[in-house]
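# Observations on the three-dimensional arrangement
Chain residues, written in single-letter form:
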Amino acid sequence: MPSTSFTRLVFAALATFAILLPGAAFAEERTYLSKAEIEAGLLGKTVVSKNIASGKLSQWEFRADGTVEAAGGLGRATGTWSVRDDGQTCVKMLGRTGCRYWFRQGGAYANADTNQADAPVVAQVRYL
């Protein structure tokens, strides 16, 4: 059974995404984040990600020692993370490595598999 604080966090995340109108924040051009911006934005912060394809929410904590912890519908997992010089952020977890480019668009944050202007959005991201 999830802890009370985790349950509250999930409800807060749901409320945050409920007010995000689909497409409204993405009317402006994308600005892909630099390595320094990603590190400053992730370290010591809690990030909630909403996968566009599945609609599932997950909570992420990126640590300065290169470890990352994620929690979501399937439980908790830990792994490692790194940022390449071009801003591509990679997470190795559960035997797989996934890499994405983070961007800001119209005051909202998201990520995509490539850093092309028309790359499909993989996840919307909120910092708590």
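See the structure shown above.
Residues numbered from 1 in each chain as written. Predicted model: local features only at pLDDT ≥ 70, side-chain atom pairs only at ≥ 80, totals over all residues. Heavy atoms only, no water.

This model, assessed by the stated rule, comprises 1 cavity of 30 Å³ or more. Size it by volume and the largest cavity reaches roughly 30 Å³. Every residue along the wall of the largest cavity is listed here: Gln59, Glu61, Glu69, Ala70, Ala71 and Arg76. Elements with a contribution of two residues or more to the lining of the largest cavity: β3 (57-62) and β4 (67-72). Here the lining of the largest cavity takes 3 residues from β4, the largest share from any one element. Across the lining of the largest cavity, the residue classes break down as 2 nonpolar, 1 polar and 3 charged. (1 Å grid on protein atoms, 1.4 Å probe; cavity = no way out; pocket = protein on both sides within 12 Å on 5 of 7 lines; lining within 4 Å. Points joined across faces, edges and corners; volume = space filled by probe spheres on them. Helix = DSSP H or I, 4+ residues; strand = E, 2+ residues; numbered from the N terminus. Nonpolar A, V, L, I, M, F, W, Y, C, P; charged D, E, K, R; others polar.)

Now for the packing of aromatic side chains. What describes a pair of aromatic rings is the distance from one ring centre to the other and the angle between the planes of the rings. On inspection of all chains with the given rule, the structure shows 6 aromatic pairs. When the centroid spacing of 5.1 Å and the interplanar angle of 75 degrees are considered together, the rings of Phe62 and Trp81 count as edge-to-face. Taken as a pair, Phe62 in strand β3 and Trp81 in strand β5 (residues 75-83) lie far apart in primary sequence, 19 residues in all. Among the aromatic residues, ring-to-ring pairing joins Trp60, Phe62, Trp81 and Trp102 into one connected group. For the cation-ring pair, Arg30 lies above Phe103, with the distance from its terminal atom to the ring centre recorded as 4.2 Å. (Phe/Tyr/Trp six-rings, centres within 6.5 Å; stacked < 30°, edge-to-face > 60°. Lys NZ or Arg CZ within 6 Å of the ring centre and 35° of its normal.)

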